Amino acid sequence: MRASQFFISTLKEAPGEAELVSHRLMLRAGLIRRLGSGLYTWMPLGLRVLRKVENIVREEMDRAGALELLMPAVIPAELWQESGRWDKFGPQMLKIRDRHERDFLFGPTHEEVICDVARKEIRSYRQLPVNWYQIQSKFRDEIRPRFGVMRAREFLMKDAYSFHEDYASLEATYQRMYATYSAIFTRLGLHFRAVAADTGAIGGSGSHEFHVLADSGEDAIAWCPDSGYAANVELAEALAPAGQRAAAGAALTRVPTPGKTGNAELAEFLGIALAQTLKALLLIDGQGRPVLALMRGDHQLNEIKANKVVPDMRLASDAEIREHFGDAKGYIGPVGVDRSRVRVIADRSAALLADFCCGANEAPFHLTGVNFGRDCPEPDLVADLRTVEAGDPSPDGGGTLEICRGIEVGHIFQLRTRYSEAMQVTFLDRNGSATPAEMGCYGIGVSRVVAAAIEQNHDERGIIFPRAIAPFEVAIVPMGLARSEAVRAAAETAYDALRAAGFDVLLDDRDERPGVLLADQELLGIPFRVVIGERGLKEGLVEFQGRRDAEARKIAPADLVATLKAAIAH
RNA sequence: CGGGGCGUAGCGCAGCCCGGUAGCGCGCCUGCUUUGGGAGCAGGAUGUCGGAGGUUCGAAUCCUCUCGCCCCGACCA
């Protein structure tokens with residue numbers, strides 16, 4: 001491609017709306033332009049990247065035996081009412097009404113539609129398993145779209161759905177998809193990690209997320225370098241500390257602690273370890289009932305875990321704290337709580353504390369030397385409620401956890417029969433009886449992959465695209481093409497040679513000054529560049545430089561293709 | 001939805017507090033010069049100051065209402 005025939009529109013300064021590096025760079029490089037909140041146009045340059053990602057995903061899905069189809073983006077409401085998600089998915093859906101006042105939605109995901117296809121088409125176990133996928137625009141009316149295409153409202157997604165006669169078959173396909181996803185992200189040239197995950201709103205049993213690792217990622221991942229364990233911190237189990245609770249040794253003492261409502265300042269004030277303090281958080285369950293959650297002072301409540309123990313829970317408001325604990329906000333604790341009214345649950349670590357310090361349920365006092373069983377009843381329930389931290393033992397017993405951050409770009413689920421039962425996806429099994437199909441689903445955020453790749457691969461000059469998804473693999477940058485016949489001839493020769501060798505090459509023949517051309521190449525993140533100038537040509541040489549290389553190498557023009565091939569192989 | 005902030009030329013911003021008829025840098029157009037790291041000089045174009053209403057002789061500026069956007073929290077590929 002010749003730049004003069006293409007459309008390159010770079011910005012020296014990023015629009016103020018963009019905060020995240022990838023978002024800024026995508027705007028600056030002219031990959032995308034914003035139309036509205038969470039709505040982006042993919043410009044020709046950006047679309048080349050998006051298509052490359054899409055094609056790799058497609059090739060690997062095809063290789064894994066999945067079949068591509070394409071479902072409508074607009075879905076009749078009845079299908080979603082049937083599955084019960086019309087109300088449940090709620091405000092995230094873009095609801096549409098047609099001229100006959102019939103309700104539709106713009107699909108945020110396609111379980112219902114694929115189930116409708118399956119129940120009409122699948123009659124016998126002989127037709128199973130199937131794995132159908134599509135690459136299509138989705139719309140989710142996010143509460144807060146942000147970071148450009150990283151969390152857009154309209155985005156491109158690859159979603160696949162498999163149907164099986166039994167769980168063994170589902171498991172086999174699930175493993176196949178796990179391997180396929182690994183192959184896809186490897187081919188994309190991304191540093192990624194597969195982690196055990198919570199199943200979230202989509203539901204089902206087994207689930208793994210695929211994260212592109214980047215410090216700016218929205219998710220925290222707990223992983224163990226020794227054992228290979230990896231899980232979203234939402235899910236990662238915090239093991240109970242080893243050993244028994246120590247015997248009570250200290251006397252219960254009430255101490256004034258004015259202004260010391262936080263555990264850290266409290267521990268400092270009293271000169272005790274933070275881990276020897278207890279924090280009490282008031283939760284409100286789905287029925288509006290109070291539940292007091294006890295955590296060790298140095299631990300964080302994991303709301304996802306808490307939700308599993310206290311369904312539909314939320315943190316209490318100040319007014320609710322006042323309702324149950326009077327004016328003791330900042331000083332609440334388990335001692336003297338009316339257990340007929342307030343259920344008390346404790347994290348495993350908190351439950352093992354002895355002689356601890358907690359709020360006295362009276363401002364401004366804390367109690368020290370507190371012990372379960374002696375000063376207050378044992379908790380009604382002990383469970384894993386806290387978020388794991390770096391240094392915690394790995395739940396599989398194989399070492400110590402580390403925490404890193406990631407961007408979720410893929411998610412695979414074993415849905416089992418959740419949807420097939422609701423949507424009547426049954427087939428006649430080997431015994432001739434109607435059976436709901438086992439089901440799996442597998443998503444990849446195609447457009448998000450582009451942002452994630454940039455988030456992971458950039459420097460102060462711009463994007464550094466992995467070769468597999470770069471808009472062009474190599475750029476020819478002539479110095480003074482319009483002025484020098486020698487440069488023009490050498491650039492054209494190089495262009496022809498690289499194209500003939502099968503490379504995706506950009507000849508930057510724009511009539512711009514050298515500084516502009518070089519800066520643009522770096523901003524666009526094209527992996528390799530060939531600088532051709534009169535200076536070098538006098539010695540019979542051109543310059544070859546990888547985007548990450550500190551310096552250019554001078555090579556003979558005839559060696560260009562071989563040099564590029566060697567650099568790629570390296 | 002809760003909390004913060006911003007809407008002035010294509011982009012980045014100043015002007016607003018203290019009303020007086022809109023400016024800077026980049027970009028864009030023309031010409032000349034320049035040409036290996038985002039050029040120089042000269043000339044030029046571009047604004048319903050987000051929108052509506054109000055106060056005033058006069059509103060980008062003050063008041064009210066609205067719309068849009070961004071950032072921080074709970075959701076997701």
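Residues numbered from 1 in each chain as written. Chains lettered and ligands numbered in written order. Predicted model: local features only at pLDDT ≥ 70, side-chain atom pairs only at ≥ 80, totals over all residues. Heavy atoms only, no water.

Attention now moves to the packing of aromatic side chains. Applying the stated criterion across every chain yields a total of eleven aromatic pairs. An aromatic cluster is defined as three or more aromatic residues linked by ring pairs; in this entry it consists of Tyr 178, Tyr 181, Phe 185, Phe 192 and Phe 210. The ring of Trp 80 carries the charged tip of Arg 85 above its face, separated from the ring centre by 4.6 Å. (Phe/Tyr/Trp six-rings, centres within 6.5 Å; stacked < 30°, edge-to-face > 60°. Lys NZ or Arg CZ within 6 Å of the ring centre and 35° of its normal.)

With that settled, consider the packing of helix H2 (residues 44-63) against helix H6 (residues 167-187). For the pair H2 and H6, the least separation of the axes is 10 Å and the interaxial angle reads 150 degrees. Between H2 and H6, the angle is such that the two are roughly antiparallel. As for how H2 packs across H6, the hand of that crossing is right-handed. Where H2 approaches H6, its residues Ile 56, Val 57, Glu 59, Glu 60, Met 61 and Arg 63 are matched on the opposing element by Arg 176, Met 177, Thr 180, Tyr 181, Ala 183, Ile 184 and Arg 187. Partitioning the contact of H2 with H6 into residue classes produces seven nonpolar, one polar and five charged. (Axes fitted to C-alpha atoms, helices over the stretch in contact; angles between N-to-C directions. Helix = DSSP H or I, 4+ residues; strand = E, 2+ residues; numbered from the N terminus. Parallel < 35°, antiparallel > 145°, perpendicular 65-115°, else oblique. Left-handed = near helix turned anticlockwise from the far one by under 90°. Contact = heavy atoms within 4.5 Å. Nonpolar A, V, L, I, M, F, W, Y, C, P; charged D, E, K, R; others polar.)

Below, the discussion takes up H2. The end-to-end C-alpha distance of H2 is 28 Å, a good match for the 28 Å that 20 residues give at a rise of 1.5 Å each. Buried within H2 we find Leu 45, Gly 46, Val 49, Leu 50, Lys 52, Val 53, Glu 54, Ile 56, Val 57, Glu 60 and Met 61. (Expected span 1.5 Å × (residues − 1). Buried < 20%, exposed > 50% of the residue type's maximum accessible area, 1.4 Å probe, protein only.)

With that settled, the discussion passes to the pattern of salt bridges. Applying the stated criterion to the full structure yields 41 salt bridges. Its salt-bridge partner being Asp 504, residue Lys 52 comes within 2.7 Å of it at the nearest N-O pair. Of this pair, Lys 52 sits in helix H2 while Asp 504 is found in the loop between helix H13 (485-500) and strand S28 (505-507), placing the two residues 452 residues apart along the sequence. For the salt bridge of Arg 153 with Asp 141, the shortest nitrogen-to-oxygen distance reads 3.0 Å. Highlighted residues: Arg 153 in the loop between strand S7 (130-139) and strand S8 (154-164) and Asp 141 in the loop between S7 and S8, separated in sequence by twelve residues. In this structure Asp 141 comes out as partly exposed when scored by relative accessible area, which is 25%. Connected through salt bridges with shared partners, the residues Arg 51, Glu 54, Arg 58 and Glu 68 form a single ionic network. (Salt bridge = Lys/Arg side-chain N within 4 Å of Asp/Glu carboxyl O.)

In this section: the sheet that holds strand S5 (residues 94-97). Spatially, the three strands line up as an open sheet ordered S4-S6-S5, and their pairing is antiparallel. Taken across any chain shown, the strands that pair with only one partner, and hence form the sheet edges, are strand S4 (74-76) and S5. Here the average twist between neighbouring strands, direction ignored, is 35 degrees. Where S4 lies against strand S6 (residues 103-106), three bridges are found, and the strand directions are antiparallel. In the strand pairing of S6, Val 74 is matched with Phe 106. (Pairing = 2+ DSSP bridges.)

Here the focus is the domain arrangement of chain A. Looking at chain A, the domain boundaries give domain 1 (44-236 + 403-455), domain 2 (253-383) and domain 3 (472-569). Spacing between the C-alpha centres of domain 1 and domain 2 amounts to 39 Å. With five residues of domain 1 at the interface, the matching set in domain 2 holds four residues. Roughly 350 Å² of surface becomes buried between domain 1 and domain 2 when both sides are summed, with 41% attributable to carbon and sulfur atoms. Interface area lost by domain 1 to domain 2 is led by Asp 198, Glu 234 and Ala 236, which between them contribute 81%. The tally of links from domain 1 across to domain 2 stands at zero salt bridges. On the surface where domain 1 and domain 2 come into contact, there are three residue pairs in polar contact (both at pLDDT 80 or more). When the residues that make up the side of domain 1 that touches domain 2 are grouped by side-chain class, the tally is three nonpolar, no polar and two charged. (Domains from an automatic or database assignment. Buried area = accessible area lost by both parts, 1.4 Å probe. Polar contact = N/O pair within 3.5 Å; in protein donor to acceptor, adjacent residues only side chain to side chain.)

Next up on the list: the environment of Ile 321. Structurally, the position occupied by Ile 321 is in helix H9 (residues 318-325). Separated by 54 residues in sequence, Ile 321 and Ala 267 have C-alpha atoms that sit 23 Å apart.

This brings us to the sheet that holds strand S27 (residues 474-478). Strand order in the open sheet formed by five strands is S28-S27-S29-S30-S31, with mixed pairing between adjacent strands. Each having just a single partner strand, S28 and strand S31 (553-555) make up the two edges of the open sheet. Neighbour-to-neighbour, the strand axes of this sheet turn through a mean angle of 25 degrees, independent of strand direction. Here three bridges tie S27 to S28, and the two strands are oriented parallel to one another.

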